[in-house]
Amino acid sequence: MADLYVGKTEEFGDRDRKIIAQGTLEIGVFHVDGEFYAYENNCVHQGGPACQGKIINRVEEVIHETEKTAHGLKFSETDVHIVCPWHGYEYNVRDGRHPGNKNIRLRPFKVEIKDGEVYVVV
Amino acid sequence: MDTGIEQVKENPIKEITTYTDSRDILAKARQQADERNFDDIFIADIDSHHTETESWREIIAYIDDPVVRAQAEEMVLHRSGTPPYGLNGDLALRYQDVGGRIPHQAARSEKVDESEIKKVGHRDIVLAKRAYEAMSIDIQVVFPTPMLFLGMHPQFDMEAILGKAYNRWQVENILKKDPKQKTMMFLPFNDPESALETIEEFGDAPGCVGFMVTSVRYKAVHHNHYMKVYRALEERGLPLGFHAGYYWQDPFMMQINRFGSMHALSFVWCNVVHMTNWIMNGLPERFPGLPVVWIESGLAWVSWLMQRLDHTYLMRSSEAPLLKKLPSEYMKEMFYTCQPLETDHIKATELTFEMINAKTQLLYASDWPHFDFDTPSVIWDLPFLDEESKLNILGRNAQRLFDFSK
Ligand code: FES
């Protein structure tokens, strides 16, 4: 087990990220709503650079509670996605999972903050 | 002193956008190619795309009709806010990049230096080369993009006018300059006379390895007026490809509200109809020496249609009297490009490979730079294929089918 130094916390704006590499292992470290998350930059689909994609809120469909009628789309107020730029697989930034299949998941890494510095445990 | 803290490198590309270099977008494809030694094997990509609208100003200069050419040039020079002259792209084109989530589909606005253009001869060659080298592709068959809708153009002659202009531009500016790029030439199929002229004009052109019908059209492929077109191709030993596409304004598709749903069906439906007519009217018996390639509908439809047609034919053989064997037996003698390969139900994929005789009939295709492109690893990593099948599908089947020395 080793700690990979990523940078200082102050270097990360909101919804910011860094892509770090050690050998062929690439890891995306994300800072979203004050929390840090890290995943291997390797999409489950075809091995694309998932962590280098768009960060965008999950799209939800507005359904009337009792009538079940549809009233358009909206962006989620809580769920934030990372989208793989190769073909569009989306992953929740908080757990790395695809919204339609929990087994489709980016490989997560633990992030540690020590004295204002960000480390990834590999 | 060992601090237990390992030094890491930072990748400067935090986010891939429309301005990212194709080599950076495809860095992981390059890595996959290196890990699998793709540089040591022959890879032919039988369907990739050129964004012809980016070179439209040059292409319209090749239009024969002086009045149409003048209109096109006037529009390019002086009018803004409209799509390129003459093109009738489907409204669905605006949804392909999933609202900006797949940038390489939206645009490739990456930097290209003048010196690079000078070296290879054209900006479009620089872009193609960056991508095919990243994927370790040795030969790439290239098709246009919005021109795939020209079969639905309300002006009957526009398909032939623009098709010929594009073919001429492509020969002069791409095919003569880059021996790795080939094409199945655009065939203006709505007008059989123009189609025949096109075969005569371009059949021997450098880089022309066959001819391509855009499948989005309402034309019956078994109509008598196409027989001379098929005969001309058969005589020249040039394969005929049906390149699929979608058409959201098709009455049935107009019930669908989401691009993805429409795309999933419409990209297959056009080829389902043409294949059905092709088989049930006995065209394989009439042109036994004409290889036919079905392009960009994926593969799942083929096993489904084989079952549907065999079941029907056995009950109603009097409606297909030219057939001497089952529809599926003709279908497994035809050729298919693999992309977009459906692999989410791997047992079904394996069965489909078996049913279409993939070992000899399947051709790798990337469809780069479109949103559902496949790298060569998609074939290489299939768990059920032996090595010979992988090599065949990635390149050897195409080498047997096409004359890449042209
Ligand atoms: S590789 Fe990520 S979506 Fe395909």
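Attention in this report is confined to the structure presented alongside it.

Cut-offs used in this document
Residue positions are given per chain, counted from 1 along the sequence in the order it is written. Each chain takes a letter, starting from A, and each ligand takes a number, starting from 1, following the order in which they are written. Where local features are concerned, this predicted model is filtered to residues with pLDDT of at least 70; where side-chain atom pairs are given and counted, the filter is 80 or more; whole-chain, interface and lining totals use all residues. Calculation of side-chain values draws on the structure's entire complement of heavy atoms; hydrogens and water are dropped beforehand. Only runs of H or I of at least four residues qualify as helices and only runs of E of at least two qualify as strands under DSSP, and these elements are numbered from the N terminus. Each residue is assigned to one of three classes by its accessible area relative to the maximum for its type, calculated with a 1.4 Å probe on protein chains only: buried under 20%, partly exposed between the two thresholds, exposed over 50%. Here, two residues are considered to be in contact whenever any of their heavy atoms come within 4.5 Å of each other. Accessible surface is estimated by sampling points in the Shrake-Rupley manner with a 1.4 Å probe; for residues, cover comes only from the protein chains shown. Lys and Arg are tallied as positive, Asp and Glu as negative. Neither His nor the chain termini are counted. By convention, charge coordinates are those of NZ in Lys, CZ in Arg, CG in Asp, or CD in Glu. For two strands to be treated as a pair, DSSP must find at least two bridges joining them. To define axes, lines are fitted to C-alpha atoms, for helices over the stretch in contact only, and angles between the resulting N-to-C directions are given on a 0 to 180 degree scale. What gets called buried area is simply the loss in accessible area from a 1.4 Å probe that two parts show on being joined, summed for both. Each reported salt bridge corresponds to a side-chain nitrogen of Lys or Arg within 4 Å of a carboxyl oxygen of Asp or Glu. In protein, a polar contact requires one atom able to donate a hydrogen and another able to accept it; more generally it is a pair of N or O atoms within 3.5 Å, and residues adjacent in sequence count only if both atoms are side-chain atoms. Geometric relationships in this document are graded by angle, where less than 35 degrees denotes roughly parallel, more than 145 denotes roughly antiparallel, 65 to 115 denotes roughly perpendicular, and other angles denote oblique. Each residue is assigned to one class: nonpolar for Ala, Val, Leu, Ile, Met, Phe, Trp, Tyr, Cys and Pro, charged for Asp, Glu, Lys and Arg, and polar for all the others, Gly among them. To qualify as a nonpolar core, a set must consist of buried Ala, Val, Leu, Ile, Met, Phe, Trp, Tyr and Cys residues joined through side-chain atoms within 4.5 Å. Cavity: a set of points on a 1 Å grid over the protein atoms alone where a 1.4 Å probe fits but cannot get out. Pocket: an open set with protein on both sides within 12 Å along at least five of seven lines, its lining residues, like those of a cavity, having an atom within 4 Å of a point. Grid points are joined across faces, edges and corners, and a volume is the space filled by probe spheres set on the points. Stacked, tilted and edge-to-face are the three classes assigned to paired rings of Phe, Tyr and Trp, where Trp is represented by its six-membered ring and a pair needs centres within 6.5 Å; plane angles under 30 degrees give stacked, over 60 edge-to-face, the rest tilted. We call a charge positioned over a ring when the NZ of a Lys or the CZ of an Arg lies within 6 Å of the ring centre and within 35 degrees of the ring normal.

## Concerning the overall build of chain B
Logical step 1: When helices and strands are tallied, chain B shows 18 helices and 10 strands.
Logical step 2: Referenced to the eigenvectors of the C-alpha coordinate spread, the extents of chain B come out at roughly 85 × 55 × 45 Å.
Logical step 3: Split into buried and exposed, the 406 residues of chain B put 57% on the buried side.
Logical step 4: The long-range share in chain B, meaning contacts at least 24 apart out of those at least 6 apart in sequence, stands at 79%.
Logical step 5: Entry remark: accessible area of chain B is about 17,600 Å², with carbon and sulfur atoms responsible for 52%.
Logical step 6: For chain B, the centre of its 42 positive side-chain charges and the centre of its 59 negative side-chain charges are spaced 1 Å apart.

## Structural notes on the sheet that holds strand β5 (residues 55-63) of chain A
All names here are of chain A.
Logical step 1: One open sheet holds the 3 strands; their spatial order is β5-β6-β7, and the pairing between them is antiparallel. In the strand order of this sheet, the two ends are held by β5 and β7 (90-92), each with one partner. Each strand axis lies, on average, 50° off the axis of its neighbour in the sheet, ignoring direction.
Logical step 2: Relative to β7, strand β6 (residues 70-83) is paired through 3 bridges, and the arrangement is antiparallel. Within the sheet, the bridge partner assigned to isoleucine 82 lies in β7 and is tyrosine 91.

## Description of the sheet that holds strand β10 (residues 362-363) of chain B
Residues and elements named next belong to chain B.
Logical step 1: The strand order β3-β4-β5-β6-β7-β8-β9-β10 describes an open sheet built from 8 strands, whose pairing is parallel. Edge positions in the open sheet fall to β3 (44-49) and β10, since each of these has one partner strand only.
Logical step 2: Its contacts with the sheet place helix α8 (residues 158-175) against β4 (139-143), β5 (181-186) and β6 (208-214), and it is angled at close to 165° to β5.

## What about the interface of chain B and chain A?
Logical step 1: Each side of the interface is counted separately: chain B has 32 residues, and chain A has 36 residues.
Logical step 2: Summing both sides of the interface, chain B and chain A together bury roughly 2,700 Å²; the carbon and sulfur share of this comes to 47%.
Logical step 3: Across the chain B-chain A interface, the total number found is 6 salt bridges.
Logical step 4: For Arg101(B), the salt bridge is made with Glu90(A), and the minimal N-O distance between the two is 3.0 Å.
Logical step 5: Applying the counting criterion to the chain B and chain A interface returns 18 residue pairs in polar contact (both at pLDDT 80 or more).

## What about the pattern of salt bridges?
Residue and element names in this part refer to chain B.
Logical step 1: This structure, assessed with the given rule, holds 38 salt bridges over all chains.
Logical step 2: The salt bridge involving aspartate 381 is made with arginine 36; its shortest N-O contact spans 2.8 Å. In this pair, aspartate 381 is assigned in the loop between α17 (377-380) and α18 (387-401) and arginine 36 in the loop between α2 (27-35) and β3, connecting sequence segments 345 residues apart.
Logical step 3: A salt bridge links arginine 217 to glutamate 159, with the shortest nitrogen-to-oxygen separation between them at 2.7 Å. Placement of the pair is arginine 217 in the loop between β6 and α10 (227-236) and glutamate 159 in helix α8, with a sequence separation of 58 residues. Each member of the pair, arginine 217 together with glutamate 159, is buried.
Logical step 4: Here the salt bridges share partners, and the residues they tie into one network are Asp21, Arg23, Glu110, Glu116 and Arg130.

## Quick notes on the packing of α8(B) against helix α9 (residues 192-202) of chain B
Residue and element names in this part refer to chain B.
Logical step 1: Their axes nearest at 11 Å, the elements α8 and α9 cross at an angle of 10°. In terms of their interaxial angle, α8 and α9 are classed as roughly parallel. Residue-level contacts link Ala160, Lys164, Asn167, Arg168 and Val171 of α8 to Ser194, Glu197, Thr198, Glu201 and Phe202 of α9.
Logical step 2: Residue composition of the contact of α8 with α9, grouped by class: 3 nonpolar, 3 polar and 4 charged.

## Some points on unusual backbone geometry
Logical step 1: The peptide bond linking Gln339(B) to Pro340(B) adopts the cis configuration, its omega dihedral lying at -10°.
Logical step 2: For Pro340(B), the location among the structural elements is in the loop between β9 (335-337) and α15 (346-355).
Logical step 3: A cis amide bond links Trp368(B) to the next residue, Pro369(B), at an omega of 5°.
Logical step 4: Secondary-structure assignment places Pro369(B) in the loop between β10 and α17.
Logical step 5: Residue Asp33(A) is not a glycine yet carries a positive backbone phi of 50°.
Logical step 6: Among the structural elements, Asp33(A) can be located in the loop between β3 (25-32) and β4 (35-40).
Logical step 7: When its relative accessible area of 46% is taken as the criterion, Asp33(A) is described as partly exposed.
Logical step 8: You will see that Val98(B), though not glycine, has its phi angle at about 50°, which is positive.
Logical step 9: In this structure, Val98(B) sits in the loop between α4 (66-78) and α5 (103-106).
Logical step 10: For Val98(B), a relative accessible area of 37% corresponds to the partly exposed category.

## Considering the nonpolar core
Logical step 1: Among the nonpolar cores identified, the biggest contains 96 residues, and Tyr230(B), Trp278(B), Tyr336(B), Phe353(B) and Ile379(B) are the most heavily contacted of them.
Logical step 2: Of all hydrophobic cores here, the second largest spans 42 residues; its members include Ile63(B), Val112(B), Phe143(B) and Val293(B).

## A closer look at the layout of surface pockets
All names here are of chain B.
Logical step 1: What the second largest pocket holds in volume is close to 520 Å³.
Logical step 2: Lining the second largest pocket are 23 residues, and of these Thr51, Thr53, Leu93, Arg94 and Pro146 sit closest to its centre.
Logical step 3: Split by residue class, the lining of the second largest pocket holds 9 nonpolar, 9 polar and 5 charged.

## Quick notes on the packing of aromatic side chains
Logical step 1: The full count for this structure, using the stated rule, is 25 aromatic pairs over all chains.
Logical step 2: On the numbers, 5.7 Å between centres and 85° between planes, the contact of Phe38(B) with Trp380(B) is edge-to-face. Note that Phe38(B) is positioned in the loop between α2 and β3 and Trp380(B) in helix α17, a separation of 342 residues in sequence. Neither residue differs from the other here; Phe38(B) and Trp380(B) are each classed as buried.
Logical step 3: With a centroid separation of 5.7 Å and 70° between ring planes, the pair formed by Tyr246(B) and Phe267(B) is classed as edge-to-face. Of this pair, Tyr246(B) sits in the loop between β7 (240-243) and α11 (259-280) while Phe267(B) sits in helix α11, placing them 21 residues apart in sequence. You'll find Tyr246(B) and Phe267(B) in the same group, each marked buried.
Logical step 4: An aromatic cluster is present here, built from Phe189(B), Tyr226(B), Tyr230(B), Phe242(B), Trp278(B), Phe287(B), Trp294(B), Trp301(B) and Tyr336(B) joined pairwise through their rings.
Logical step 5: If you follow Lys114(A) out to its NZ or CZ, it ends over the ring of Tyr119(A), 4.6 Å from the centre.
Logical step 6: Here Lys390(B) stacks its cationic end above the ring of Trp380(B), 5.2 Å away from the centre of that ring.

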